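A closer look at the structure
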Amino acid sequence: MPQLNSATFVSQIFWLVISFMLMWLVVGRFIVPKINDIWKRRQRKIDDYVAAAEEFRTSAEDLIARYNSAVDKAEKQAEDSWQAVHDELKRQSDELHADMDERLKKQLAESSENLRRVEQMIKTKVDVMVADLSEAVVNKLEISDIERKDIEKALERENHNG
């Protein structure tokens, strides 16, 4: 095997060092700077994405805070509006209730007065009818000593007593 021949060791070591140096130069001058540039660009891009994500997160948190504030404000306004409507409806209901009570009391008084008048009118008519009937009975029975005045007096006494 020629690579194990000790006479060619110096030559092999020489070319090994030359090859290694050339490889080192090519890798050090061309490949590593490109890799380093790619790595720096990639790191810059990652940093930019992280910064943008942080800005978006901050913006989102701000939007969420404003949204929650707007929701709380809207809920408070809705509650206040509901309470105002509830109070207004209660006030109107109370007014209507009071007005209706007043009307009913007035109608009750009017109805009571009408009933009293009708009752009085009926009593008067009944008294007249009883008097007429009594007079007719007396005339039919041909009782001459009882007059209309006597019948009316008896009816008056009966009305006052009972």
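Computed from a predicted structure; not experimentally measured.

Another aspect to go through is the overall build of the protein. For the protein, the helix and strand inventory stands at 2 helices and 0 strands. When the backbone C-alpha atoms are referred to their principal axes, the protein occupies close to 190 × 35 × 20 Å. Looking at the 162 residues of the protein, the share that counts as buried comes to 2%. Measuring between centres, the 25 positive side-chain charges of the protein sit 15 Å from its 31 negative side-chain charges.

Turning our attention to a nonpolar patch on the surface. There is a patch of nonpolar side chains on the surface, built from Met-23, Val-26, Val-27, Phe-30, Ile-31, Val-32 and Ile-35 and spanning about 630 Å² of accessible area. With respect to the helices and strands, Ile-35 occurs in helix α1 (residues 9–141). Classification of Ile-35 by relative accessible area gives exposed; the value is 52%.

Attention shifts here to the pattern of salt bridges. Throughout the structure, instances matching the rule amount to 11 salt bridges. Here Arg-91 ties to Glu-95 by a salt bridge, and the two come within 2.3 Å at their closest N and O atoms. Residue Arg-91 and its partner Glu-95 are located together in helix α1, separated by 4 residues, close to a single helical turn. We classify Glu-95 as partly exposed; its relative accessible area is 45%. Asp-99 is paired through a salt bridge with Arg-103; the nearest N and O atoms lie 3.4 Å apart. Taken as a pair, Asp-99 and Arg-103 lie in helix α1 at a separation of 4 residues, close to a single helical turn. Residue Asp-99 is classed as partly exposed on the basis of its relative accessible area, which comes to 34%. It is possible to trace a salt-bridge network through shared partners that takes in Glu-54, Arg-57 and Glu-61.

As a further point, take the packing of aromatic side chains. Per the stated rule, a full pass over the model turns up 2 aromatic pairs. Measuring from ring centre to ring centre gives 5.2 Å for Phe-14 and Trp-15, while their planes differ by 75°; the resulting arrangement is edge-to-face.

This part covers α1. Along its length, α1 reaches its greatest deviation from straightness, about 35°, at Val-27. Where α1 ends, the next residue or the one after it, Glu-142, has phi of about 55°, a positive value.

This part is about the packing of α1 against helix α2 (residues 148–161). Interhelical geometry of α1 versus α2 gives an angle of 135° and a closest axis separation of 10 Å. The pairing of α1 with α2 is recorded here as oblique in orientation. In terms of crossing hand, the pair formed by α1 and α2 is right-handed. Packed against α1, whose contacting residues are Asp-127, Val-128, Val-130, Ala-131, Asp-132, Ser-134, Glu-135 and Val-138, the element α2 presents Arg-148, Ile-151, Glu-152, Leu-155 and Asn-159 at the interface. Residues of the contact of α1 with α2, tallied by class, amount to 6 nonpolar, 2 polar and 5 charged.

Quick look at the environment of Val-130 now. Tracing the chain through its elements places Val-130 in helix α1. For Val-130 and Glu-152, which are 22 residues apart along the polypeptide, the C-alpha to C-alpha distance reads 8.9 Å.

Rules used in this analysis
- Residues numbered from 1 in each chain as written.
- Predicted model: local features only at pLDDT ≥ 70, side-chain atom pairs only at ≥ 80, totals over all residues.
- Heavy atoms only, no water.
- Helix = DSSP H or I, 4+ residues; strand = E, 2+ residues; numbered from the N terminus.
- Buried < 20%, exposed > 50% of the residue type's maximum accessible area, 1.4 Å probe, protein only.
- Lys, Arg positive; Asp, Glu negative; His and termini not counted.
- Charge placed at Lys NZ, Arg CZ, Asp CG, Glu CD.
- Patch = residues over 30% accessible without salt bridge, like charges linked within 9 Å, V, L, I, M, F, W, Y side chains within 5 Å.
- Areas by Shrake-Rupley, 256 points an atom, 1.4 Å probe, with all protein chains shown as cover.
- Salt bridge = Lys/Arg side-chain N within 4 Å of Asp/Glu carboxyl O.
- Phe/Tyr/Trp six-rings, centres within 6.5 Å; stacked < 30°, edge-to-face > 60°.
- Bend = angle between axes of the 7 residues up to and from the residue.
- Axes fitted to C-alpha atoms, helices over the stretch in contact; angles between N-to-C directions.
- Parallel < 35°, antiparallel > 145°, perpendicular 65-115°, else oblique.
- Left-handed = near helix turned anticlockwise from the far one by under 90°.
- Contact = heavy atoms within 4.5 Å.
- Nonpolar A, V, L, I, M, F, W, Y, C, P; charged D, E, K, R; others polar.

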